[in-house]
Amino acid sequence: MMILIHSIKFIFESRLEGKVAIITGAASGLGKATAHEFIQHGAQVIIADNDTQLGPQVAKELGPSAQYVECDVTIEAQIEEAVNIAMTKYGKLDIMYNNAGITGPIIPHSITELDLDEFDKVMRLNVTGIIGGIKHAARVMVPVGYGSIICTSSISGLLGGLGPHPYTISKSTIPGVVKSAASELCGAGIRVNCISPAAIPTPMSLGQVGKFLPGFTPEQIGEIVSGLGVLKGAKCEGIDIARAALYLASDDSKFISGLNLIVDGGFTCFKNFVFPSPDQSA
Ligand SMILES: NC(=O)c1ccc[n+]([C@@H]2O[C@H](COP(=O)([O-])OP(=O)(O)OC[C@H]3O[C@@H](n4cnc5c(N)ncnc54)[C@H](O)[C@@H]3O)[C@@H](O)[C@H]2O)c1
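- Reading the Sequence similarities (unreviewed entry) entry of the UniProt record for the protein chain gives the comment "Belongs to the short-chain dehydrogenases/reductases (SDR) family."

What follows is the structure, encoded as structure tokens:
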């Protein structure tokens, strides 16, 4: 009987009971999957997204623990307002997940033709937007000496060539932003970490890969994106990122700060030498 009670408690354990979270870019893809997971674990979640059609729909779908707030992370005042709404409604902010990001244009491929205005737009959203989220979350977390800030980077930030230059450069910057912020905020009891996901079928990745493979159906492109991993018998899914974020958001990771949690099934940990085959020796 005791074992049964313990098992039931484990299954229904709420690792974020009573916590308040903001997730940027939560109207779709990985942010939405994480919002769902956080709510399953007892959190109140603010869906901070600039999609004013999808955002309210997703909040409704996720139920009364979700609230939509219009927020374009390229506009600092809107990030500030999202944090202020959390404070007014709940009196605190425990978790800030700076997840919103874009790939930017995939053409031109060459850095010799890079449009620097387009580059700045990607940096403004993927990097400055994240810094704005850290800034305003820290503003309300520092006085209480508690909080978990999470950011979404990418495996494209670990290796060149997996994405367009602006995306790769912006994502490679995020682990540095995290370390810089963590270096100060650890003194205030606040943890700052990031997650680097592998390729996962979401509107973003399907849209990007679809541009290279115009003859393929969305289902086929989804299969192709899912098949890009190297871990036998597994594929990277939104739930894998949601669970990584749950870990970093919860007190399970209470002594972890400054980490780049790579969720890629080993994809970026090796590269093979290409040797000539034995029959090429003569
Ligand atoms: N899907 C992947 O393969 C993959 C891999 C690695 C990293 N990532 C990263 O994960 C994050 C989420 O991507 P996704 O795949 O879920 O994409 P997605 O396109 O499904 O979702 C992105 C969300 O961000 C929102 N958004 C866009 N611009 C915004 C802005 N200015 N302000 C606020 N919200 C904005 C969109 O409305 C959308 O709801 C991004 O940072 C992305 O770079 C994705």
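## Describing the sheet that holds strand E1 (residues 20-24)
Now for step 1: Strand order in the open sheet formed by seven strands is E3-E2-E1-E4-E5-E6-E7, and the pairing between neighbours is parallel. On the outer flanks of this sheet lie strand E3 (66-70) and strand E7 (260-263), each paired with one strand and no other. If you compare each strand with its neighbour and ignore which way they point, the axes differ by 20° on average.
Now for step 2: Bridge analysis of strand E4 (residues 95-98) against strand E5 (residues 147-152) gives four bridges, and the strand direction is parallel. The residue of E5 that forms the bridge with Tyr97 is Ile150.
Now for step 3: Running at roughly 170° to E3, helix H3 (residues 54-62) makes contact with strand E2 (44-49) and E3 of the sheet.

## Topic: the site of the ligand
Now for step 1: Surrounding the ligand, one finds 28 residues, the nearest of these being Gly25, Gly29, Gly101, Thr202 and Met204.
Now for step 2: Elements supplying a minimum of two residues to the shell around the ligand: helix H2 (29-40) and helix H7 (203-212).
Now for step 3: For the shell around the ligand, the residue count by class is twelve nonpolar, 13 polar and three charged.

## Observations concerning the packing of helix H5 (residues 116-141) against helix H6 (residues 165-185)
Now for step 1: Relative orientation of the contacting elements H5 and H6 amounts to 20°, with a least axis distance of 10 Å. When the interaxial angle is binned, H5 and H6 end up roughly parallel. Note that H5 runs across H6; the crossing there is right-handed. Here H5 contributes Glu118, Phe119, Val122, Met123, Asn126, Val127, Ile130, Ile131, Ile134 and Ala138 to the contact with H6, which in turn contributes Pro166, Tyr167, Ser170, Lys171, Thr173, Ile174, Val177, Ala181 and Leu185.

## Observations concerning unusual backbone geometry
Now for step 1: Here the amide bond leading from Ile107 into Pro108 is cis, since omega sits at 5°, within 30 degrees of zero.
Now for step 2: Tracing the chain through its elements places Pro108 in the loop between E4 and H5.

## So, H3
Now for step 1: Buried within H3 are the following residues: Gly55, Val58, Ala59 and Leu62. All buried residues of H3 project into a common sector of 100° when viewed along the axis, lining one side. Exposed side chains of H3 directed beyond 90 degrees from the buried face belong to Lys60 and Glu61.
Now for step 2: Where the residues of H3 are buried, they touch H2, E2 and E3.

## Considering the pairing of E3
Now for step 1: Relative to E3, E2 runs parallel, the two being bridged by five bridges. Within E3, the residue paired with Ile46 across the bridge is Gln67.
Now for step 2: In this view, the connection linking E2 to its parallel neighbour E3 by way of H3 has right-handed handedness.

Conventions and cut-offs
Residues numbered from 1 in each chain as written. Predicted model: local features only at pLDDT ≥ 70, side-chain atom pairs only at ≥ 80, totals over all residues. UniProt positions renumbered as here; feature names shortened; annotations may be inferred. Pairing = 2+ DSSP bridges. Helix = DSSP H or I, 4+ residues; strand = E, 2+ residues; numbered from the N terminus. Axes fitted to C-alpha atoms, helices over the stretch in contact; angles between N-to-C directions. Contact = placed C-beta atoms within 7 Å. Near = placed C-beta within 6 Å. Nonpolar A, V, L, I, M, F, W, Y, C, P; charged D, E, K, R; others polar. Parallel < 35°, antiparallel > 145°, perpendicular 65-115°, else oblique. Left-handed = near helix turned anticlockwise from the far one by under 90°. Buried ≥ 20, exposed ≤ 12 C-beta atoms within 10 Å, placed from the backbone. Arc of directions from axis to C-beta. Right-handed = clockwise from strand over helix to strand, strands pointing away.

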